[in-house]
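Given next are the chains, with one letter for each unit.
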Amino acid sequence: MVASGKSLMVSADTHYPMLPGAALWRGQRIGLLGGSFNPAHDGHRYISVTALKRLGLDHVWWLVSPLNPLKSKEGMAPFAERVAMAKKVARHPRVHVSTIENRLHTRFTVDTLERLQKLAPATQFVWLMGADNLAQFPLWHRWEDIMRTVPLAIFDRDHYSLRGMAGKMAYRFRHSRMSVGAAKAIATEKPPAWIFITLRRHPLSATKIRNEPTMADSGLRNATTKE
């Protein structure tokens, strides 16, 4: 296993979709941050860097979705543009932008996760998401199967956390919630397992950037700062 402080300096897509180099990821702890990234911004990077540190992950992969089933096509930038922007924003040796869902032709998160586990059975995956997705998580296709496939790490987000933590998912799987003190063990925990991570809330969101385009420049400038 490569220590979390070291970088493989390899793009996740180098070994997909057939994963001939799957041995590179054997034993690795990989955080998966899925989404439309319409557009990617420093908030995504902030969560990713926090996940690397707080969860003891080796790498984080941004899974850029060709089309989120819960989002409208209206206002959605072309896939290639979203991927290109994500690569500009990520700028971290252990954060990789992946087009795996486009390559595997998977539409739903649960299908992507199941395929990844088959392709890389010795890799430990953790699904990362903001608290804004927690309240609507039961709307996701086969959401309970997602809970039983990989551990989840949910990150605090302004205005969303209270509603999400009082929602169906948090209640249904309340006995599977891990304490913050066990954060670095989440990748090795047998699902269902999830953890809620509190952190300084980041002001940027994709919606704000789309509504106020000048914020995109600010987000990109912030993303170039060193950690």
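The text that follows walks through the structure, step by step, so that each part is easy to find. (Residues numbered from 1 in each chain as written. Predicted model: local features only at pLDDT ≥ 70, side-chain atom pairs only at ≥ 80, totals over all residues. Heavy atoms only, no water.)

### Describing helix α4 (residues 109-119)
Taken as a whole, α4 has its buried residues at Thr109, Val110, Thr112, Leu113, Leu116 and Leu119. Those residues of α4 that are buried lie in contact with β1 (29-35), β2 (59-64), α3 (100-104), β4 (124-130) and α5 (143-147). (Buried < 20%, exposed > 50% of the residue type's maximum accessible area, 1.4 Å probe, protein only. Helix = DSSP H or I, 4+ residues; strand = E, 2+ residues; numbered from the N terminus. Contact = heavy atoms within 4.5 Å.)

### Notes on helix α1 (residues 42-54)
If you check α1, its first and last C-alpha atoms are 18 Å apart, about what 13 residues at 1.5 Å a residue would give, namely 18 Å. The buried fraction of α1 is high, at 11 of 13 residues. Of all the positions in α1, only Asp42, Gly43, His44, Arg45, Tyr46, Ile47, Ser48, Val49, Thr50, Ala51 and Leu52 are classed as buried. Downstream of α1 by one or two residues, Gly56 has phi in the positive range, about 65 degrees. (Expected span 1.5 Å × (residues − 1).)

### Let's talk about the nonpolar core
The biggest cluster of nonpolar side chains holds 31 residues, and the ones touching the most others in it are Leu55, Leu57, Val60, Trp62, Leu128 and Phe155. Secondary-structure elements contributing two or more residues to this core are α1, β2, α2 (79-90), β3 (95-98), β4, β5 (152-155) and β6 (194-197). The leading source of residues in this core is α2, at five residues. Once residues lying within four places of it in the same chain are set aside, the contact partners of Val60 are Gly31, Leu33, Ser48, Ala51, Leu52, Arg94, Val95, His96 and Leu128. (Core = buried A, V, L, I, M, F, W, Y, C linked by side-chain atoms within 4.5 Å.)

### With respect to the environment of Gln28
Looking at where Gln28 falls in the secondary structure, it is placed in the segment before β1. For the pair formed by Gln28 and Leu57, sequence separation is 29 residues and the distance between their alpha carbons is 7.8 Å.

### Things to note about the pairing of β6
Along any regular strand the residues' side chains alternate between the sheet's two faces. Burial along β6 is two-sided: Trp194 and Phe196 and Ile195 and Ile197, pointing in opposite directions, are all buried. Taken together, the four bridges between β5 and β6 define a ladder with parallel strand orientation. If you follow Ala153 over to β6, its bridge partner there is Ile195. (Pairing = 2+ DSSP bridges.)

### Considerations on the pattern of salt bridges
A complete count under the given rule lists four salt bridges for this structure. Taken together, the salt bridges that share partners define one network made up of Asp111, Glu114, Arg142 and Asp145. (Salt bridge = Lys/Arg side-chain N within 4 Å of Asp/Glu carboxyl O.)

### Describing the environment of Ala185
Tracing the sequence through the fold places Ala185 in the loop between α7 (168-172) and β6. A residue is classified by how much of its surface remains accessible, and Ala185, at 31% relative accessible area, is partly exposed. The sequence separation of Ala185 and Leu57 amounts to 128 residues, and the corresponding C-alpha distance is 9.8 Å.

Coordinates in, geometry out; function isn't part of it.
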